[in-house]
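So the chains spell out like this:
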Amino acid sequence: MRFNGEFRFWLGGVLFVLITGLAMFDLSGIVVSPDEASTQVFAEQYALNKSFSYPLKARPVAEELQGIFGPRSTVMGNGELLPVGFLGWPGLVGIVWQVFGRVGGWFFGPILVVLGLAGLRRLLLYRVSASPFAIELAVFWLMWHPAVLLYSSRPFMPNLGFISLVAIGLWGMSRADSPMGVGRRFGFGVLGGVAGGLALAV
């Protein structure tokens, strides 16, 4: 029964990544938030040049960036745009973009959401004295909630990425406190610490 639950979750996770990731190909030209625009531009800049600064080359901002930026996500100095707020997310996405290309950057968000849901599911199954069926149903409902689908199809938004890293961190730290071998406890502790640190950086 537990295997069937695992199988159903990961099958749903694969479908979730495909649906939300492929939606990005149709929505890639649409920007719905200044934070999303900032992440997309600066993640690409970091992937290409390993720098967050965006030189404007003495061209008007509206012409250079086609009017996609909002004033709250950037500051300008010495002829360059610099990101403000959520600095860790464009850096993290930029590293993934650099290693796996643009498509990797698009799919990174949905994959991280599935991993976060997996961490939340395991945390609830191990730590909450409730019906496993009720927990599986709750996680399934959360995965396919319209808000989760919407934000996952916008992988340059930092919201779900932050929440997913928190969930992974909590699961890792929770497992590190469980009775098991020292090596496994250390590994889960490292996982929880890294995920929690990345969440703070975002």
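The following paragraphs examine the structure supplied in this document. Computed from a predicted model, the values in this text were never measured in an experiment.

Remarks on the nonpolar core
Core analysis: the largest hydrophobic core is formed by 16 residues, its most contacted members being Trp89, Val93, Trp97, Phe108, Leu112 and Leu165. It is helix H4 (residues 88-127) that provides the largest number of residues to this core, a total of eight residues. Contacts of valine 93, omitting those with residues within four sequence positions, involve Thr39, Ala43, Gly105, Phe108 and Phe156. In this structure, Val17, Ala118, Ile135 and Val139 belong to the second largest nonpolar core, which totals 13 residues.

Concerning helix H5 (residues 132-143)
One turn of an α-helix holds 3.6 residues; hence residues three or four places apart share an orientation. The terminal C-alpha atoms of H5, which comprises twelve residues, lie 16 Å apart, in line with the 16 Å expected from a rise of 1.5 Å per residue. Within H5, the full set of buried residues consists of Ile135, Val139 and Met143. Taken down its axis, H5 places every buried residue within 70° of arc, on the same side. For H5, the exposed residues lying more than 90 degrees away from the buried face are Phe133, Phe140 and Trp141.

Some remarks on the side chain of serine 152
Checked against the element boundaries, serine 152 lands in helix H6 (residues 146-152). Serine 152 has contacts with Phe16, Thr20, Pro110, Val113 and Leu160, leaving out every residue within four places of it along the chain.

As for the packing of aromatic side chains
For the coordinates displayed, the defined rule picks out five aromatic pairs. Seen from their ring centres, phenylalanine 9 and tryptophan 10 are 5.0 Å apart, and the 80° between their planes marks the pair as edge-to-face. By relative accessible area, phenylalanine 9 is classed as buried at 6%. Ring geometry for tryptophan 97 and phenylalanine 156: centres 5.9 Å apart, planes at 25°, overall stacked. Of this pair, tryptophan 97 sits in helix H4 while phenylalanine 156 sits in the loop between H6 and helix H7 (159-176), placing them 59 residues apart in sequence. Owing to a relative accessible area of 0%, phenylalanine 156 belongs among the buried residues under this scheme. The side chain of arginine 175 reaches across the aromatic face of tyrosine 126, ending 4.2 Å from its centre. One Lys or Arg, arginine 175, reaches over the ring of phenylalanine 188 and ends 5.4 Å from the middle of that ring.

Let's talk about the pattern of salt bridges
Taken as a whole, this structure holds three salt bridges when the rule is applied. Of the charged contacts in the structure, one is a salt bridge between arginine 122 and glutamate 6, with a shortest N-O distance of 3.0 Å. Here glutamate 6 lies in helix H1 (residues 2-27) and arginine 122 lies in helix H4, a separation of 116 residues in the sequence. The exposure class assigned to glutamate 6 is buried, which follows from its relative accessible area of 14%. A salt bridge links arginine 121 to glutamate 136; its shortest N-O distance comes to 2.8 Å. Of this pair, arginine 121 sits in helix H4 while glutamate 136 sits in helix H5, placing them 15 residues apart in sequence. Residue class for arginine 121 comes out buried when judged on its relative accessible area of 2%. Counted as one network, the salt bridges with shared partners bring together Glu6, Arg121, Arg122 and Glu136.

Scoring rules and cut-offs
- Residues numbered from 1 in each chain as written.
- Predicted model: local features only at pLDDT ≥ 70, side-chain atom pairs only at ≥ 80, totals over all residues.
- Heavy atoms only, no water.
- Core = buried A, V, L, I, M, F, W, Y, C linked by side-chain atoms within 4.5 Å.
- Buried < 20%, exposed > 50% of the residue type's maximum accessible area, 1.4 Å probe, protein only.
- Helix = DSSP H or I, 4+ residues; strand = E, 2+ residues; numbered from the N terminus.
- Contact = heavy atoms within 4.5 Å.
- Expected span 1.5 Å × (residues − 1).
- Arc of directions from axis to C-beta.
- Phe/Tyr/Trp six-rings, centres within 6.5 Å; stacked < 30°, edge-to-face > 60°.
- Lys NZ or Arg CZ within 6 Å of the ring centre and 35° of its normal.
- Salt bridge = Lys/Arg side-chain N within 4 Å of Asp/Glu carboxyl O.

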